[in-house]
Amino acid sequence: MDSAAKDEMQPALPAGPEWPEQERAERLARGAALKWASGIFYRPEQLARLGQYRSREVQRTCSLEARIKSVVQSYLEGVQTGVWQLAQALEVVQGTGEALSQTRGLLQGISKSSQTLEALREQVSQHKQLQALSQLLPRLRAVPAAVAHTQTLIDAQRLLEAYVSLRELEQLQEETWAPLGSLELPVFQELGLLAEALGQAVEAAAGAAGQLAREDPALLVAAVRVAEMETGRTTHLGQAPRDWRQRCLRALQEGLERVHFGTSLLPGPGALAEWLEALRVALPAEMVTAEALVAPCCPPHYRVVQLWAHTLHSGLRRSLQQLLAGPELGAADAFALLHWALHVYLGQEMMGSLEMGPEADVSQLEPLLTLENVEQLEATFVAKAQASVAQWLQKALDGEVAEWSREQEPNTDPSGFYYSPMPAIVLQILDENIRVTSLVSESLQRRVHGMALSELGAFLRSFGDALIRFSRDHLRGQAMAPHYVSYLLATLNHQSALSSSVSILQHNWVASGALASVEAGLDELQRRICRLVLEALLAELQPLFAALPSRQWLSSPELLEGVCEVTERFCRDFRRVRNPAVQLLLAEAERAVVLQYLHALMQGRLVCRGPDERTQAAERLRQDAAQLRELFLGLGLEERAHCAPVLLALRELLNLRDPMLLGLEVASLRQQFPDVSEDHVSALLDLRGDVSREQRQAALSSLQAGPPPSSPTGRRALFSLVLAPAPALSSCLTSGSCAAPLPAE
């Protein structure tokens, strides 16, 4: 039959409404074009290139129209072929119907011989199958070639054409199913594999949706259309429906996760920050691609922007969980992840961007990190940071300790004070660790603040222990330090620098008493340094005080002059200590000298032989007090902090001519110095040399009988720190703290 006859037999296709998908595609294309044009020509200078853009778009439109016409023409040709084949089948069916009518009439006429026609019926049935097979044979012979052609189309990614060809083959299979009595022909066995190959091709195209939307959007559109057409089709051969829409959506998600969160893409140790920075750039770009390029290629019910946002979020969340379940992160990685997840990811640069419309529906996303994850990361960061801070502080302390044995004196600042950068380094390390955590959360900042105070306390204890070892090794001669005292004074400046600057750790959100333990540690360190300095001073003064008091002391000021010379030479470097530490150190030095003086007086080395010697002793006390006052005023000690006036009070006790009035002087001494004891008074009375047992008892009784002593503000303990020798039994009272039972007569 020629083509003209075939065209005459083919029924004309009724004109119908336009394809609804075409209208939607046109609207989406127009919307995308308007959005693109508004972005391109937003600036006036871009209007000069309007002609170039117009000609480029005309060429692109012509190309798209040509491709669409080609696809539609191919589709129409297949439809025409199918219509012609249906017409042929109609003729066959009509002929068969006439033959069956004739056969039915014959069977009614010969009902008695119907049983003998069973074999004939079988023959007729076989004849019908053979007749149908003979009519379909030309088409069946073309099936292998059509299968190969369809596979070629699939390999060439011509998915729409491949789908049309596959549908023609499946339609032919359906046509042969009933006439052949549900007999499955071997020629159709490859259709299942062919359909699966096409489904895999659709999945592959959907899995590369982002790339195809930029490079070959027609292929993506074809894959989505095939999936949609196949999802809405019903089969008549008992086959399960092929839900390619779900396969397509699943492939979109898996492909997106594979691009950004594949196992091979997870960062290794130390590379987390770079990985997060790459995601900060890549994920917003992926969302822009989804909204501008991928969404126009897919039906609206795909909700591409929301699908992209939720897929990226879930993939990122799963990747972070894998990282947290693996080896413990370092401090830098834990901090970077906390800051990125709590601030960058939800910030304006990413999911909180104003450009991300309501289609993304980011408000429904789960937190990127759970509370347990945040707790784990904060604990990891604090532990790692604590180890690092402890290491840095130990290095700073080791470097400082190493300088104490140098041949050179400590470094000084432009003002002449001993100086070391160690206090500034210590506080800078701690403060930077606290301040940087403000970028993450208040809870982490509070944790790091507590850690910093703990490490500062441990550092101060280590500092004090290092000073003790330094002093012990020096005094034992194991490691002599050429400038032992100078470096002790330098450490006092370090303590002062820490005390004056530790307030930088007192942030507004910190409780008022949070630094109490650190301040107590600083005070303890200051006391320890002062004690070591004073021990060095006393080591030089004790040989001089061994000859005091004596007859030479009564007649000559040379002994105290020697003490003053040694003290002045020792305290000369105190000028390199900053206030208020220098005042404290001078006060403690003056107090130590006075205590040594008092201790020497209490040892009973001298007993005055008469009024003249008592007068000499009293005058010597006055001159020594004046000399000590002049010495420490010259060194810079404020007068209100002097302890030497105690010698003037003792002078009055020695200068008293009438021993009967000693009780008044002792009571006056108790009022000025409440810590004076009976042993001290008894030792001073021994120094007078003219006090009888009764007079001693009366004087000592005045300590208890007198009014309670008042405690002058700022008056420090003196006598309680002086160990007085125990008085002889003959000098003791029969009652009191030093009383002892007398033997019975």
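Sequence order as written defines the numbering, with residues in each chain counted from 1. Side-chain atom pairs in this predicted model are given and counted only at pLDDT of 80 or more, local residue features only at pLDDT of at least 70, and totals for whole chains, interfaces and linings cover all residues. Calculation of side-chain values draws on the structure's entire complement of heavy atoms; hydrogens and water are dropped beforehand.

An unreviewed UniProt entry lists the protein chain under the name Exocyst complex component 3-like protein, from Prolemur simus. UniProt positions are given in the numbering used here, feature names are shortened, and annotations may be inferred rather than shown by experiment. The annotation that UniProt attaches to the protein chain under Sequence similarities (unreviewed entry) is "Belongs to the SEC6 family." Per UniProt, the comment on the protein chain under Function (unreviewed entry) is "As part of the exocyst, may play a role in regulated exocytosis of insulin granules."

## Let's talk about the overall build of the protein chain
Put simply, DSSP marks the helices as runs of H or I at least four residues long and the strands as runs of E at least two long, and each gets a number from the N terminus on. For the protein chain, the helix and strand inventory stands at 26 helices and zero strands. Here the term buried applies to any residue with accessible area under 20% of the maximum for its type, exposed to any over 50%, and partly exposed to those in between, with areas from a 1.4 Å probe on protein chains only. Within the protein chain, buried positions represent 41% of all 745 residues. Taking contacts inside the protein chain between residues at least 6 apart in sequence as the whole, the part at least 24 apart equals 77%. The contact rule is simple, with two residues in contact once any of their heavy atoms fall within 4.5 Å.

## Quick notes on the packing of helix H21 (residues 581-601) against helix H22 (residues 611-635)
The angle between the axes and the distance between the axes are what describe a pair of packed helices. Axis angles are defined between N-to-C directions and span 0 to 180 degrees, where every axis is a line fitted to C-alpha atoms and, for a helix, only to the segment in contact. Across the interface, H21 lies against H22 with an axial gap of 10 Å and an inter-helix angle of 165°. As the angle between them shows, H21 and H22 are arranged roughly antiparallel. Regarding H21 and H22, the two cross each other, and that crossing is right-handed. Where H21 approaches H22, its residues Leu-586, Ala-589, Glu-590, Val-593, Val-594, Tyr-597 and Leu-601 are matched on the opposing element by Arg-620, Leu-621, Asp-624, Leu-628, Phe-632 and Leu-635. Three classes are used, and their members are as follows: Ala, Val, Leu, Ile, Met, Phe, Trp, Tyr, Cys and Pro are nonpolar, Asp, Glu, Lys and Arg are charged, and the others, Gly among them, are polar. In the contact of H21 with H22, the residues fall into ten nonpolar, no polar and three charged. Each angle gets one of four labels, with under 35 degrees taken as roughly parallel, over 145 as roughly antiparallel, 65 to 115 as roughly perpendicular, and the rest as oblique. A clockwise turn of the near helix away from the far one marks a right-handed crossing, whereas an anticlockwise turn of less than a right angle marks a left-handed crossing.

## Some thoughts on the packing of helix H13 (residues 331-344) against helix H14 (residues 371-403)
Put simply, H13 and H14 touch, their axes get as near as 8 Å, and they point 145° apart. Viewed along their axes, H13 and H14 form a crossing whose handedness is left-handed. On the side of H13, the interface is formed by Ala-331, Ala-334, Phe-335, Leu-337 and Leu-338, while H14 contributes Val-374, Leu-377, Glu-378, Thr-380, Phe-381, Lys-384 and Ala-385. In the contact of H13 with H14, the residues fall into nine nonpolar, one polar and two charged.

## Things to note about the packing of aromatic side chains
Aromatic pairs are defined between Phe, Tyr and Trp rings, using the six-membered ring for Trp, whenever the two ring centres lie within 6.5 Å; interplanar angles under 30 degrees are classed as stacked, those over 60 as edge-to-face, and all others as tilted. Scanning all chains against the criterion turns up ten aromatic pairs. Look at Phe-470 and Tyr-484: their rings are 5.3 Å apart centre to centre, the planes differ by 35°, and that puts the pair in the tilted class. A residue pair is termed long-range when its members are at least 10 positions apart, and Phe-470 in helix H16 (residues 442-475) and Tyr-484 in helix H17 (residues 484-501) qualify at 14 residues. Put simply, the rings of Trp-404, Phe-459, Phe-463, Phe-470 and Tyr-484 touch in pairs and so form one group of aromatic residues. Whether a charge sits over a ring comes down to the Lys NZ or Arg CZ being within 6 Å of the ring centre and within 35 degrees of the ring normal. Above the plane of the ring of Trp-392 lies Lys-395, whose end atom (NZ or CZ) is 5.0 Å from the centre.

## Quick look at empty space enclosed by the protein
A pocket, in this scheme, is an open set of points on a 1 Å grid over the protein atoms alone with protein on both sides within 12 Å along at least 5 of 7 lines, while a cavity is a set where a 1.4 Å probe fits but cannot get out; residues line either one if an atom lies within 4 Å of a point. Grid points are joined across faces, edges and corners, and a volume is the space filled by probe spheres set on the points. A complete count under the given rule lists four cavities of 30 Å³ or more for this structure. Here the largest cavity is characterised by a volume of approximately 60 Å³. Lining the largest cavity, in full, are Glu-400, Glu-403, Arg-406, Pro-410, Asn-411, Tyr-419, Ser-420, Pro-421, Tyr-487 and His-494. Sorting the residues of the lining of the largest cavity by element identifies H14 and H17 as the ones contributing at least two each. Here the lining of the largest cavity is built from residues that sort into four nonpolar, three polar and three charged.

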